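# Architecture and fold: a report
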Amino acid sequence: MKRISLTRYLIEEQRDNNSIPAELRLLIEVVARACKTISHSVSKGALGDVLGAAGSENVQGEIQKKLDIISNEILLEANEWGGHLAAMASEEMENFHPIPNRYPKGEYMLLFDPLDGSSNIDVNVSIGTIFSVLKAPEGMKEPCEKDFLQPGSKQVAAGYAVYGPQTVLVLTTGNGVHAFTLDREMGSWVMTQRDMKIPADTAEYAINASNARHWYPPVRRYISELEAGKTGPRGKNFNMRWIASMVADVHRILNRGGIFMYPADEREPDKPGKLRLLYEANPMSLLVEQAGGAATNGEMRILDIQPTKLHERVAVFLGSKNEVELVTRYHAAQG
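Quick look at the structure, then. Being a predicted model, the structure only gives us computed values, none of them experimental.

For the rest of this paragraph, the subject is the pattern of salt bridges. A pair can form between side chains of opposite charge whenever their charged atoms are brought close. Summed over the entire model, instances satisfying the criterion amount to 17 salt bridges. Measuring nitrogen to oxygen at the nearest pair gives 2.9 Å for the salt bridge that ties Arg-276 to Glu-91. Of this pair, Arg-276 sits in strand 14 (residues 275-276) while Glu-91 sits in the loop between strand 3 (85-90) and strand 4 (97-98), and the two are 185 residues apart along the sequence. Taking the relative accessible area as the measure of exposure, Arg-276 reaches 3% and is therefore buried. For Glu-91, a relative accessible area of 4% puts it in the buried group. The residue Asp-304 makes a salt bridge to Arg-301 at a minimum N-O spacing of 2.9 Å. For Asp-304, a relative accessible area of 41% puts it in the partly exposed group. What emerges from the salt-bridge pattern is a single network uniting Glu-204, Asp-249, Arg-252 and Arg-256.

In structure tokens, the structure reads:
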């Protein structure tokens, strides 16, 4: 593959398909630069004094790591002055972040999980940044929380950066899914995969099996069939892979197939799930669907869910289409 930079890809996509307005292109480039900075901080580890807990909790009641806070600040500072955004929202902040009055306002809104997979930070396992871009509602003067509450199908772009052995940016603007690897020597993102596709069938699944005793019957049924292997009702052996970083698990699925599951369970029956709809489920679901996969909450397509609050949670089943459809059917049968 000839070396195509992220900037060149975005400009050619804008020119050939008229699918990326100039302001959106510049916004994506700024997010990509911020991810490059986060990657640099992650790679320093203990040498940069960025490991360990920060001694605070986020709005979700989760212990924040130093890198959570650093990554959040990097994304805020990189994006607030460019003139492309009306407002931002982060998993790490209780309220949305309006663009300061001293800067020009744009027509887009950015949502992000600055560092997904916090439990892996201190043990040098892959983590990542997830982002989602929405169009600001027509006629919006001063942004409010309601402006962010758009179904995932309204996203104009979504992506993630995974900080692993290589730093890779995976992006969709609604015209397929493409991956760019960070060339550290040149400091540029170079396209390394074009039009990624998830196979419809798979023999791999990802789920936190330590929660098995709390699962609802449809999930228990589905997992027990996978565990039964070749002699069970599915007639083949399945392997479980669980990295405990959604970015890393989804990246594997985009590359070789699989199903990722984070279901609701019986511990908190009033909660529809653990993952955040706006910062995690929606952007990942758009990427997965653009790659030919499927994503549901066990009952309906995730991208069709109408959000009701900024930090709404949701159950997630995404990846290889035939497996997602099967576990969703089991939920329907149970209902």
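Structure's up, so let's keep going.
Per the stated rule, a full pass over the model turns up 5 aromatic pairs. With centroids separated by 5.6 Å and ring planes inclined at 45 degrees, the aromatic side chains of Phe-96 and Phe-148 adopt a geometry described as tilted. Remark: Phe-148 occurs in the loop between strand 6 (127-135) and strand 7 (157-163) and Phe-96 occurs in the loop between strand 3 and strand 4; sequence separation between them is 52 residues. With a relative accessible area of 0%, Phe-148 lands in the buried category. Ring plane angle 70 degrees and centroid distance 6.4 Å describe the contact between Tyr-222 and Tyr-330, whose orientation is recorded as edge-to-face. Here the residue Tyr-222 occupies a position in helix 4 (residues 217-228), and Tyr-330 occupies one in helix 7 (residues 321-334), the gap between them amounting to 108 residues. Judged by its relative accessible area of 11%, Tyr-330 falls in the buried class. Here a set of aromatic residues connected by ring pairs shows up, and it is made of Trp-242, Phe-260 and Tyr-262. Positioned over the ring face of Tyr-330 is Arg-221, at 3.6 Å from the centre of the ring.

Turning to the sheet that holds strand 9 (residues 178-183), a few remarks are in order. One open sheet accounts for 8 strands, arranged 4-3-5-6-7-8-9-10; its pairing is mixed. On the outer flanks of this sheet lie strand 4 and strand 10 (188-193), each paired with one strand and no other. As paired strands, strand 5 (residues 108-116) and strand 6 are joined by 7 bridges and run antiparallel to one another. Across the sheet, Leu-111 pairs through a bridge with Ser-132, a residue of strand 6. Set on the sheet, helix 3 (residues 66-79) makes contact with strand 3, strand 4, strand 5 and strand 6; between it and strand 5 the angle comes to about 160 degrees. In the packing of helix 5 (residues 246-256) onto the sheet, contacts are made with strand 5, strand 6, strand 7, strand 8 (167-172) and strand 10, and the angle to strand 7 comes to roughly 105 degrees.

It is the contact of helix 5 with helix 6 (residues 277-290), at a shortest axis distance of 11 Å, that shows an interaxial angle of 10 degrees. Relative to helix 6, helix 5 is oriented roughly parallel. Across the interface between the two elements, Met-246, Val-247, Val-250 and Leu-254 from helix 5 touch Glu-280, Met-284, Leu-287 and Val-288 from helix 6. Within the contact of helix 5 with helix 6, the residues separate by chemical class into 7 nonpolar, no polar and 1 charged.

Reading guide: rules and limits
- Starting afresh in each chain, residues are numbered from 1 along the sequence in its written order.
- This being a predicted model, a pLDDT of at least 70 is required before a residue's local features are given, and a value of 80 or more before pairs of side-chain atoms are given or counted; all residues contribute to the totals for chains, interfaces and linings.
- Excluded from the side-chain calculation are hydrogens and water; included are all heavy atoms of the structure.
- The term salt bridge refers to a side-chain nitrogen of Lys or Arg lying within 4 Å of a carboxyl oxygen of Asp or Glu.
- A helix here means a DSSP run of H or I that spans at least four residues, while a strand means a run of E at least two residues long, and both kinds are numbered starting from the N terminus.
- Partly exposed residues are those whose accessible area sits between 20% and 50% of the maximum for their type, while under 20% is buried and over 50% is exposed, using a 1.4 Å probe and protein chains only.
- Pairing of aromatic side chains here covers Phe, Tyr and the six-membered ring of Trp, requires ring centres within 6.5 Å, and sorts the geometry by plane angle: under 30 degrees stacked, over 60 edge-to-face, intermediate tilted.
- Any Lys NZ or Arg CZ that is within 6 Å of a ring centre and within 35 degrees of that ring's normal is treated as a charge sitting over the ring.
- For two strands to be treated as a pair, DSSP must find no fewer than two bridges joining them.
- Residue contacts follow a heavy-atom distance rule, with two residues in contact if any of their heavy atoms lie within 4.5 Å.
- In this analysis, axes come from line fits to C-alpha atoms, helices being fitted only over the stretch in contact, and the angle between any two N-to-C directions falls in the range 0 to 180 degrees.
- When an angle is under 35 degrees it counts as roughly parallel; over 145 it counts as roughly antiparallel; between 65 and 115 it counts as roughly perpendicular; any other value is oblique.
- Under this grouping Gly is polar, as are all residues other than the nonpolar Ala, Val, Leu, Ile, Met, Phe, Trp, Tyr, Cys and Pro and the charged Asp, Glu, Lys and Arg.

Such coordinate-based values are descriptive only and should not be taken to indicate function.
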